Amino acid sequence: MLEELVCVTRLVNHLLTLFSFQVAMIQLAYCCLFGSFPFNSFLAGFLSAVGMFVLTVCLRIQMGSQSEKGAPNKLSKNRAFLEWLVCQVVLHFVVINFIG
């Protein structure tokens, strides 16, 4: 049961990373093709997607069970998730304030 939960969590993590990367690439392509008239809106959306991608990759690295040298991870998984959640809230608060 626990292994199924870990597999589902990893799958959701991979899908979230892939989704945020695709959103950033779609926004960049749209900006290149059609222009970036409301530049603040484009920049806020693009930085939100890229920031979410970076934070999710960092969460994936922190959630790894052990490092390459075999030393146990110093952070607990709950603390890593809480830090990710707080950083997501701060990121999206900054993005919303940047839009105006």
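Treat the numbers as computed from the prediction; the structure is a model and nothing was measured.

**Let's talk about helix H3 (residues 77-99)**
One full turn of an α-helix is made of 3.6 residues, so residues set three or four places apart face in the same direction.
Part 1: Helix length check: H3 (23 residues) gives 33 Å between terminal C-alpha atoms against 33 Å at 1.5 Å per residue, within 8%.
Part 2: Among the residues of H3, Ala 80, Trp 84, Gln 88, Leu 91 and Val 95 are the ones counted as buried.
Part 3: In the segment just after H3, Gly 100 is the residue with positive phi, at about 115°.

**Overview of the nonpolar core**
Part 1: Among the nonpolar cores identified, the biggest contains five residues, and these are Ala 24, Cys 31, Phe 42, Phe 46 and Ala 49.
Part 2: Those elements giving two or more residues to this core turn out to be helix H1 (2-34) and helix H2 (39-62).
Part 3: Top element by residues in this core is H2. It accounts for three residues.

**Points about the environment of Ser 36**
Part 1: Structurally, the position occupied by Ser 36 is in the loop between H1 and H2.
Part 2: Judged by relative accessible area, Ser 36 falls into the partly exposed class, the value being 27%.
Part 3: Not counting chain neighbours up to four residues away, the residues in contact with Ser 36 comprise Cys 31 and Phe 42.

**Description of the packing of aromatic side chains**
Part 1: Counting across every chain of the model gives five aromatic pairs.
Part 2: Between the aromatic rings of Tyr 30 and Phe 34, the centroid separation amounts to 5.0 Å while the plane-to-plane angle is 50°, which identifies the pairing as tilted. Taken together, the positions of Tyr 30 and Phe 34, both in helix H1 and four residues apart, correspond to about one turn of that helix.
Part 3: Between Phe 39 and Phe 42, the ring centres sit 6.0 Å apart and the planes meet at 45°, which makes this aromatic pair tilted. Separated by three residues within a single helix, Phe 39 and Phe 42 lie in helix H2, roughly one turn from each other.
Part 4: Phe 42 sits in the buried class, given a relative accessible area of 17%.
Part 5: Connected via pairs of aromatic rings, a cluster forms that spans Phe 39, Phe 42 and Phe 46.

**With respect to H2**
Part 1: Along its 24 residues, H2 runs 34 Å from first to last C-alpha, staying within 8% of the 34 Å computed at 1.5 Å per residue.
Part 2: Among the residues of H2, Phe 42, Ala 44, Gly 45, Phe 46, Ser 48, Ala 49, Gly 51, Met 52, Thr 56 and Leu 59 are the ones counted as buried.

About the criteria used
Residues numbered from 1 in each chain as written. Predicted model: local features only at pLDDT ≥ 70, side-chain atom pairs only at ≥ 80, totals over all residues. Heavy atoms only, no water. Helix = DSSP H or I, 4+ residues; strand = E, 2+ residues; numbered from the N terminus. Expected span 1.5 Å × (residues − 1). Buried < 20%, exposed > 50% of the residue type's maximum accessible area, 1.4 Å probe, protein only. Core = buried A, V, L, I, M, F, W, Y, C linked by side-chain atoms within 4.5 Å. Contact = heavy atoms within 4.5 Å. Phe/Tyr/Trp six-rings, centres within 6.5 Å; stacked < 30°, edge-to-face > 60°.

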